[in-house]
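# Geometric and topological summary
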Amino acid sequence: MCLGIPAQIVEILDPEAKTAKADIGGVRRIVSCALLEGEAQLGEWVLVHVGFALDRIDEEQANETLQLLSDMGEAYERELAGIRASAGESSKGAA
Amino acid sequence: MKYVDEFRSGELARALASELEQAMPPGRELAIMEVCGGHTHAIYKHGIDELLPRGLELVHGPGCPVCVIPVGRVDDAVSLALEPNVIFTTFGDMMRVPGSKGSLLDARSRGADVRMVYSPLDALELARANPERELIFFAIGFETTAPSTAVTLLQARDEAISNFSVFCNHVTIGPPLRAILDAPELRLDGLIAPGHVSAVIGSRPYEFIASEYGRPVVVAGFEPLDILQSVLMLVRQLAAGRAEVENQYTRVVRENGNPRALEAIEQTMELRDSFEWRGLGSIPRSGLRLRDEFAGWDAERRYKVPGLSVPDHKACQCGQVLRGLVKPWECKVFGTACTPERPIGTCMVSAEGACAAYYNYGRNRPTRRDKIQA
């Protein structure tokens, strides 16, 4: 649960509500960017924890972390399964 | 072991392991606590413990959000889930934690509407989509997760969503570390501090460990090399007789943390006088509750919860595992009566729990190193 997963911002949804769509290990879901300093930018990499972008990270580091996370197996898979299960529901509403 | 072999092939890992060997102060036995369950998981997955020099032991800490929730709070959650017209939402791992009258999963089979969510935002969305129902979100976690609950509460207030409430079990990382350092049974030489909690609170809140307890601290990332490098930084401090807070995870963690996240917590939550932890008992000013301004969104004020302190299952040694006193495989029910499929204690439920990490990576008996040390 404490895993932060690198994700790339692929769509800015509502700048006022600070929501964006992020690609998290191949799953797209709405994330909140309310904890980031300034506005989220398209293409930016962030560390996502329970649906919130906790901080910005650089791309190279994001890719390295993703590789290591996928090597981590179960914990990462569980996290992704949670995101996948939630992605359908949340994409209906908040936008 | 497969993972070790893969990992050993890494040139950097080998180099770090050999540097570590040389950095060890001769003739000393060192015990270093990895506070975070995410670190515990990575250590056993990658076999980092088997790369460490003789005389250096890693001890698991209490940093597993699911693990530290005591039986009484699980019972409260079950009672809330059984309230009429309630949709009770929780992170997946929490569903399977046994309470004294069963788990949330058992409550679901008895008719409660318990649903797994990935984010508190999903719980809020369910409240929007089901205005005729009452939504409760089971909030757990350290400072990593508390800001997410906080922002969700601010959003519920701004949108005047009144059928949403939070059962708040957020905790802070400093007080349990103090409790562990104060305990006479365990001698720790240094601590590896959690990376993502520190992304929120920064590295400064660990200063007391260096200044008051004279123990070095290194804030670490989650990759195997991060952990190995952090151990090396700690050993170097110990060999040189230094006790400082160092930050290995500079790419994410800043000294002052994330001010927006801290501000969101501050706006919505305040410290409780005391909070009960599994294994550590009641610790003053260690848990968070909602501020009075958010009473309307506080499940503990909107519903009657039992609020009892309930002892752990007699056979369960999670408490000692969380305090670093017992290795998972030393617990009598480990891998027999208690497995990830039928867990007795929280440490076997969560992927970040030490018992689950040991079990899942085939450590259901002592490793070569453990035997040597025993």
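Not measured: the values here are computed from a predicted model.

Below, the discussion takes up the overall build of chain A. Helices and strands together make up the secondary structure of chain A, namely two helices and five strands. Going from N to C terminus, chain A has its helices and strands arranged as β-β-β-β-β-α-α. Looking at chain A residue by residue over its 95 residues, the buried ones come to 47%. The contacts of chain A with a sequence gap of at least 6 include a subset with a gap of at least 24, amounting to 46%.

All names here are of chain B. In this fold, Ile 87 is placed in strand β3 (residues 86-90). Overall, Ile 87 belongs to the buried group, with 21 C-beta atoms counted inside 10 Å. Every residue in contact with Ile 87, bar those within four places of it in the chain, is listed here: Asp 113, Arg 115, Leu 126, Asn 130, Arg 133 and Leu 135.

Side chains that are nonpolar tend, in soluble globular proteins, to be buried together. Grouped together as the largest cluster of nonpolar side chains are 144 residues, with contacts concentrated most on Val 46, Val 48 and Ala 53 of chain A together with Ala 81 and Phe 167 of chain B. Of all the elements, helix α11 (residues 224-239) of chain B adds the most residues to this core, at seven residues. Counting the residues that make up this core, at least three belong to each of domain 1 (1-310) and domain 2 (318-367) of chain B. Each residue touching Phe 167 of chain B, except ones within four places of it in the same chain, is listed here: Ala 77, Leu 80, Ile 136, Phe 137, Phe 138, Ala 139, Ala 299 and Glu 300 of chain B.

Here the focus is the interface of chain B and chain A. Across the boundary between the two partners, chain B contributes 39 residues, which contact 32 residues of chain A. If you list the elements that add at least two residues to the side of chain B that touches chain A, you get α3 (37-46), α6 (120-129), α7 (146-158), α9 (195-201) and α12 (259-268) of chain B. Broken down by element, the residue count for the side of chain B that touches chain A peaks at six residues, all from α6 of chain B. For the side of chain B that touches chain A, the per-class residue count stands at 18 nonpolar, 12 polar and nine charged.

So, about the domain arrangement of chain B. Interface size is commonly expressed as the accessible surface area that is lost when the partners come together. Residue and element names in this part refer to chain B. Per the domain assignment, the segments of chain B are domain 1 (1-310) and domain 2 (318-367). Relative to domain 2, the C-alpha centre of domain 1 lies at a distance of 18 Å. Contacts between domain 1 and domain 2 engage 28 residues on the former and 23 residues on the latter. Listing elements by their share of the side of domain 1 that touches domain 2, those giving two or more residues are α3 and β2 (56-63). Grouping the amino acids of the side of domain 1 that touches domain 2 by side-chain chemistry returns 15 nonpolar, seven polar and six charged.

Attention now moves to the confidence of the model for chain B. Residues and elements named next belong to chain B. With 94% of its residues at a pLDDT of 70 or more, chain B shows a mean pLDDT of 91. Segment residues 1-9: pLDDT under 50, and 12 contacts once partners within four positions in sequence are set aside and those in other chains are kept. Predicted confidence is poor over residues 368-374, with pLDDT under 50, and the contacts of this stretch with residues over four places away or in other chains come to six contacts. Interface confidence for the predicted complex, given as ipTM, is 0.86, next to a pTM of 0.90.

Let us now look at the sheet that holds strand β8 (residues 217-219) of chain B. Residue and element names in this part refer to chain B. Spatial strand order, β2-β1-β7-β8-β9: five strands in an open sheet with parallel pairing. In this open sheet, the two strands that pair with only one neighbour each are β2 and β9 (245-247). In this sheet, neighbouring strand axes are inclined to one another by 20° on average, regardless of whether the strands run parallel or antiparallel. Pairing analysis gives three bridges linking strand β1 (residues 30-36) to strand β7 (residues 190-193), with the strands arranged parallel. In the sheet register, Glu 34 faces β7, and the bridge partner there is Ile 192. Docked against the sheet, α11 engages β1, β7, β8 and β9, running at close to 150° with respect to β7.

Rules of the game
- Along each chain, residues carry numbers from 1 onward, in the same order as the chain's sequence is written.
- Both sets of labels track the order of writing: A upward for chains, 1 upward for ligands.
- Local features in this predicted model are restricted to residues of pLDDT 70 or higher, and side-chain atom pairs are both shown and tallied only at a pLDDT of 80 or more, whereas totals for entire chains, interfaces and linings draw on every residue.
- Think of it this way: any DSSP run of H or I at least four residues long counts as a helix, any run of E at least two long counts as a strand, and we number them from the N terminus.
- In this scheme every C-beta is placed from the backbone, and a residue whose C-beta has 20 or more other C-beta atoms within 10 Å is buried, one with 12 or fewer is exposed, and one in between is partly exposed.
- A pair of residues counts as a contact when their C-beta atoms, built from backbone coordinates, are separated by no more than 7 Å.
- The nonpolar core criterion groups buried Ala, Val, Leu, Ile, Met, Phe, Trp, Tyr and Cys residues into a set whenever they are joined through C-beta atoms within 7 Å.
- The split into domains, and so the bounds of each, comes from an automatic or database assignment of domains.
- Note on residue categories: nonpolar means Ala, Val, Leu, Ile, Met, Phe, Trp, Tyr, Cys or Pro, charged means Asp, Glu, Lys or Arg, and polar means any other residue, Gly included.
- pLDDT gives the predictor's per-residue confidence on a scale running from 0 to 100.
- Only strands joined by at least two bridges in the DSSP assignment are considered to pair.
- Geometry is summarised by axes, namely lines fitted to C-alpha atoms with helices restricted to the contacting stretch, and by angles between N-to-C directions that run from 0 to 180 degrees.

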